[in-house]
Amino acid sequence: METRPPGWTLAGTLTLAVRGGPHPAVVLITGSGPQDCDEAVMGHRPFLVLADHLTRQGIAVLRCDDRGFGKSTGNFATAIDADFVDDALAAVNYLRTRPEIDPRRIGLVGHSEGGIVAPRAAARSPEVAFIVLLAGIGVPMEEVLLRQSRDMARVMD
C-alpha cells in the first residue's frame with residue numbers, strides 16, 4: 001500500500017477482515033521518533049499486535065512507515081507536527097478510495113506523540129469519524145523527550 005501526500009510516498013500495511021464489509025477502519029499514528037509501521041522498539045511490535053487484534057474484530061487497519069523511514073520517502077528530520085497531520089490525512093484519503101472500507105467510519109488512533117497529531121488531523125477533516133489516544137502526553141513535549149532520553153540511556157547501560 002502506498003499513499004502519496006504532496007512530494008513523498010508513505011509505504012505501509014493495510015489489514016482487512018476476511019468477511020463482510022465495507023468495514024470501519026483506523027489509521028495508526030506512531031509516537032515520537034522515526035518508526036516503522038509496526039512501531040517496533042526493543043523487540044516489541046505494538047502496532048502489529050494492535051492491528052492483528054482490531055482486524056480480527058472486523059476493523060481494517062492502516063499503519064505506515066513514518067516519512068523518510070523504512071520504505072516511505074520524505075525527510076523525517078525536517079518534519080513538524082503539521083507534516084504528520086498531512087500524512088495522517090493522506091492515509092485517511094487513501095482509505096476512502098478502498099471499496100472494502102466504509103468511508104463514514106474511518107478513525108485515527110494516535111500513540112504518544114501521535115496523540116497530538118490525531119486531534120489536529122480530526123480538527124482539519126470532517127472525514128475523520130473518531131479518534132483514540134493511547135498514552136497521550138500530559139506535559140510539555142520537551143519534558144517528554146528529555147525523560148525518554150534519560151530512560152533510554154539508563155536501559156542501554
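Structure: see above.
Residues numbered from 1 in each chain as written. Predicted model: local features only at pLDDT ≥ 70, side-chain atom pairs only at ≥ 80, totals over all residues. Heavy atoms only, no water.

Give me a nonpolar patch on the surface: which residues, what numbers.
A contiguous nonpolar surface patch, about 500 Å² in accessible area, is contributed by Val-41, Met-42, Met-152, Val-155 and Met-156. The topology assignment puts Val-155 in helix α4 (residues 141-156). (Patch = residues over 30% accessible without salt bridge, like charges linked within 9 Å, V, L, I, M, F, W, Y side chains within 5 Å. Areas by Shrake-Rupley, 256 points an atom, 1.4 Å probe, with all protein chains shown as cover. Salt bridge = Lys/Arg side-chain N within 4 Å of Asp/Glu carboxyl O. Helix = DSSP H or I, 4+ residues; strand = E, 2+ residues; numbered from the N terminus.)

Tell me what's going on with the packing of aromatic side chains, and back it up with residues and numbers.
The description of an aromatic ring pair rests on the distance of the ring centres and on the angle between the ring planes. Under the counting rule described, the total for this entry stands at one aromatic pair. Geometrically, the ring pair formed by Phe-76 and Phe-84 is tilted, given 5.3 Å between the ring centres and 35 degrees between the ring planes. Take Phe-84: its relative accessible area is 14%, and that puts it in the buried class. (Phe/Tyr/Trp six-rings, centres within 6.5 Å; stacked < 30°, edge-to-face > 60°. Buried < 20%, exposed > 50% of the residue type's maximum accessible area, 1.4 Å probe, protein only.)

Requested: an account of the environment of Ala-122, with residues and values cited.
Relative to the helices and strands, Ala-122 is located in helix α3 (residues 114-124). Separated by 15 residues in sequence, Ala-122 and Gly-107 have C-alpha atoms that sit 8.5 Å apart. If sequence neighbours within four positions are ignored, Ala-122 has contacts with Leu-108, Val-128 and Ile-131. (Contact = heavy atoms within 4.5 Å.)

Explain the state of the cysteines residue by residue, including any values.
The full count for this structure, using the stated rule, is zero disulfides. No disulfide involves Cys-37; its sulfur sits 7.8 Å from the nearest other cysteine sulfur, which is in Cys-64. Relative accessible area serves as the criterion here: at 11%, Cys-37 is assigned to the buried category. (Disulfide = S-S within 2.5 Å.)

Explain the side chain of Glu-39 residue by residue, including any values.
With respect to the helices and strands, Glu-39 occurs in the loop between β3 (23-29) and α1 (46-56). A distance of 2.8 Å separates a polar atom in the side chain of Glu-39 from the backbone nitrogen of Gly-31. Within polar-contact distance, the side chain of Glu-39 engages the side chain of His-111 at 2.9 Å. Excluding anything up to four places from it in sequence, Glu-39 contacts Thr-30, Gly-31, His-44, Pro-46, Phe-47 and His-111. (Polar contact = N/O pair within 3.5 Å; in protein donor to acceptor, adjacent residues only side chain to side chain.)

How would you sum up unusual backbone geometry? Please name residues and give values.
Omega for the bond connecting Gly-21 with Pro-22 falls within 30 degrees of zero, at 0 degrees, which places this linkage in the cis form. As for its placement among the helices and strands, Pro-22 is situated in the loop between β2 (10-15) and β3. Notably, Glu-39 is not glycine yet its phi reads approximately 55 degrees, a positive angle. Overall, Glu-39 belongs to the buried group, its relative accessible area being 4%. A positive phi angle, close to 55 degrees, is found at Ser-112, a residue other than glycine. Positionally, Ser-112 belongs in the loop between β5 (101-111) and α3. Residue classification places Ser-112 among the buried positions, given a relative accessible area of 11%.

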